[in-house]
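Each chain, written out:
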Protein chains: 2
Amino acid sequence: MTEPSTAGRDSRAVSKFVEGFAAQLVEAGMQRMAARVFAALLASDSGAMTSAELGDQLRVSPAAVSGAVRYLAQVHMVSREREPGSRRERYRVHSDQWYEAVTSRDAVLTRWEQSLREGVDSLGAGTPAGERLAETLAFFEYLDGELVQLMARWREHRDRTFGKG
Amino acid sequence: MTEPSTAGRDSRAVSKFVEGFAAQLVEAGMQRMAARVFAALLASDSGAMTSAELGDQLRVSPAAVSGAVRYLAQVHMVSREREPGSRRERYRVHSDQWYEAVTSRDAVLTRWEQSLREGVDSLGAGTPAGERLAETLAFFEYLDGELVQLMARWREHRDRTFGKG
DNA sequence: CCTTAACTTCACAAATTTCTGAAACAAGCG
DNA sequence: CGCTTGTTTCAGAAATTTGTGAAGTTAAGG
């Protein structure tokens, strides 16, 4: 017998990946529900799902989906789409967009750098502690700049590998 | 009046930096106590502190310090030193060692890659979802390799800037 | 060896986070 | 306009995380 269209795939396999990958993300610091929603989108064929589909597949309430999606949208890991002429919303991983969000983490690095700058100032640039903070700061500033270039090279590499492949 | 030797520095300023920077680390996903211990070490002049000093400065129990240090040692952000002929242990940030730990995050990336590989297999390399996972996996593999080179360039850059400076 | 200082482990209490159901809110459609 | 469907907000219950005190372990020093 044929499976229903949305579940043409082995939903056992999908779930195993979703939960496993989400667990890894959680261990790295992401909120549990956000991780699960993200993994589910990543593992969907279209790369987009509605709130109802997510709630159904993950067995959670609309409220939980709402909260997770708000977070994911804030950090640019998914985008929201309004299907024209419907109150239904779709959440999508943009395949190239999302890992840019993971690496660039601009906001995080910037705040770290700001803290370190203040530390260097208040502890004194000449003190051993001040020098250690300054070196750390220099590292993050270096990292910032390098990541931009790294992402540029990745896009090129990706286009060669996937674009024409 | 002169301050006691260990607190020759403005302990108000130290604490402000420690708590502020730790908060940023927490927001990025690190455990609270580990973040505070790490920040305290970073802001110390010698780059090393004993368990007692840490507990005293952060106003927490030995147990809390123990837990935090175990974690930090596991992820190579501090190393433990046994002062010879004493049961006192010192915890140290190696100034160059620690941010290597932050970037390389080898363990994390490796586990992500493993999850993704399994996902590609079980969802099918030919399916749209499988292709998305494969592209994501390729990205992390690329990142792995690039980070190694990036760190090599940083060390060079650092030696030029701080080594002879 | 026995004492004692230092660290670790463990069970539990406190604080925080996470998810839910219910109610409020929005927006298409008749 | 009001009905209906879909999303968000909110207060609280449940689960998880975090830090403590106390007991346990290890090893230096008499």
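- Labelled according to an unreviewed UniProt entry, chain A appears under the name MarR family transcriptional regulator, originating from Streptomyces fructofermentans.

Looking at the protein's contact with DNA strand D
Okay, step 1: Close contacts around DNA strand D come from 19 residues, with A:Arg80, A:Arg88, A:Glu89, B:Ser61 and B:Gly85 the closest.
Okay, step 2: Take the atoms of DNA strand D that sit within 4 Å of the protein: sugar and phosphate atoms are 80% of them.
Okay, step 3: With respect to DNA strand D, the side chain of A:Arg80 contributes an N or O atom lying 2.5 Å from a phosphate oxygen.

Regarding the pairing of strand E2 (residues 79-82) of chain A
All names here are of chain A.
Okay, step 1: Looking at chain direction, E2 and strand E3 (residues 89-92) are connected through four bridges and run antiparallel. Bridging across to E3, Arg80 finds its partner in Tyr91.
Okay, step 2: Following E2, the chain reverses through six residues before pairing antiparallel with E3; Gly85 in that reversal takes a positive phi of roughly 75°.

Some remarks on the interface of chain A and chain B
Okay, step 1: At the junction of the two partners, chain A supplies 53 residues and chain B supplies 53 residues.
Okay, step 2: Both sides of the chain A and chain B interface together cover about 4700 Å² of buried area, and 69% of this is carbon and sulfur.
Okay, step 3: Taken together, the connections running from chain A to chain B amount to four salt bridges.
Okay, step 4: Across the salt bridge formed by A:Glu27 and B:Arg111, the nearest N and O atoms sit 3.5 Å from each other.
Okay, step 5: For the pair chain A and chain B, the interface holds 14 residue pairs in polar contact (both at pLDDT 80 or more).
Okay, step 6: Elements represented by at least two residues in the side of chain A that touches chain B include exactly helix H1 (11-27), helix H2 (32-42), helix H5 (97-104), helix H6 (106-123) and helix H7 (128-163) of chain A.
Okay, step 7: Top element by residues in the side of chain A that touches chain B is H7(A). It accounts for 20 residues.
Okay, step 8: By residue class, the composition of the side of chain A that touches chain B is 29 nonpolar, 14 polar and 10 charged.

Here's the deal with the domain arrangement of chain A
Okay, step 1: The domain boundaries assigned to chain A delineate domain 1 (5-94) and domain 2 (105-163).
Okay, step 2: Computed over C-alpha atoms only, the centres of domain 1 of chain A and domain 2 of chain A are separated by 31 Å.

Regarding the relation of the copies chain A and chain B
Okay, step 1: Superposing chain A onto chain B takes a rotation of 180° plus a shift of 0.0 Å along the axis, which leaves an RMSD of 0.2 Å. Those values place the two copies in the arrangement expected of a two-fold rotation axis. The C-alpha atom lying nearest the rotation axis in chain A is that of A:Gly29; the distance is 2.1 Å.

Observations regarding the pattern of salt bridges
Okay, step 1: All chains considered together, the criterion is met by 22 salt bridges over all chains.
Okay, step 2: Each of A:Arg80, A:Arg82 and A:Glu89 takes part in a single network of salt bridges with overlapping partners.

Focus on the packing of aromatic side chains
Okay, step 1: Going through the model one piece at a time under the given rule, you end up with 16 aromatic pairs over all chains.
Okay, step 2: Considering the side-chain rings of B:Tyr99 and B:Trp154, the 5.7 Å spacing of their centres and the 85° angle between planes classify their relative orientation as edge-to-face. With B:Tyr99 in helix H5 (residues 97-104) and B:Trp154 in helix H7 (residues 128-163), this pair connects stretches of sequence that are 55 residues apart.
Okay, step 3: Three or more aromatic residues link up through ring pairs in this structure, and these residues are A:Phe17, A:Phe21, A:Tyr99, A:Trp154, B:Trp112, B:Phe139, B:Phe140 and B:Tyr142.

Remarks on the sheet that holds E2(A)
All names here are of chain A.
Okay, step 1: Taken in spatial order, the three strands make up an open sheet running E1-E3-E2, and their pairing is antiparallel. Either end of the sheet is taken by a strand with one partner, and the two such strands are strand E1 (48-50) and E2. Strand-to-strand twist of the sheet, defined as the mean angle between neighbouring strand axes without regard to direction, takes the value 30°.
Okay, step 2: In terms of strand pairing, E1 meets E3 through three bridges, oriented antiparallel. Bridge assignment links Ala48 to a residue of E3, and that residue is Arg92.

What to know about the protein's contact with DNA strand C
Okay, step 1: In the region of DNA strand C, 20 residues are neighbours, and A:Met33, A:Ser61, B:Ser66, B:Arg80 and B:Glu89 sit closest.
Okay, step 2: By atom count, sugar and phosphate contribute 81% of the portion of DNA strand C lying within 4 Å of the protein.
Okay, step 3: A distance of 3.0 Å separates a phosphate oxygen of DNA strand C from a polar atom in the side chain of B:Ser66.
Okay, step 4: One nitrogen or oxygen atom from the main chain of B:Arg87 is found 3.2 Å from a sugar or linking oxygen belonging to DNA strand C.

Looking at the UniProt feature "domain: HTH marR-type" (unreviewed entry) in chain A
Okay, step 1: With numbering aligned to this structure, UniProt lists the feature "domain: HTH marR-type" (unreviewed entry) at residues 29-89 of chain A.
Okay, step 2: Within residues 29-89 of chain A, the helical portion is 52% and the strand portion 13%, while the C-alpha atoms at the span's ends are 27 Å from each other.

Each value, and the rule that gives it
- Residues numbered from 1 in each chain as written.
- Chains lettered and ligands numbered in written order.
- Predicted model: local features only at pLDDT ≥ 70, side-chain atom pairs only at ≥ 80, totals over all residues.
- Heavy atoms only, no water.
- Near = heavy atom within 4 Å.
- Polar contact = N/O pair within 3.5 Å; in protein donor to acceptor, adjacent residues only side chain to side chain.
- Pairing = 2+ DSSP bridges.
- Helix = DSSP H or I, 4+ residues; strand = E, 2+ residues; numbered from the N terminus.
- Contact = heavy atoms within 4.5 Å.
- Buried area = accessible area lost by both parts, 1.4 Å probe.
- Salt bridge = Lys/Arg side-chain N within 4 Å of Asp/Glu carboxyl O.
- Nonpolar A, V, L, I, M, F, W, Y, C, P; charged D, E, K, R; others polar.
- Domains from an automatic or database assignment.
- Least-squares fit on C-alpha atoms with pLDDT ≥ 70 in both.
- Phe/Tyr/Trp six-rings, centres within 6.5 Å; stacked < 30°, edge-to-face > 60°.
- Axes fitted to C-alpha atoms, helices over the stretch in contact; angles between N-to-C directions.
- UniProt positions renumbered as here; feature names shortened; annotations may be inferred.

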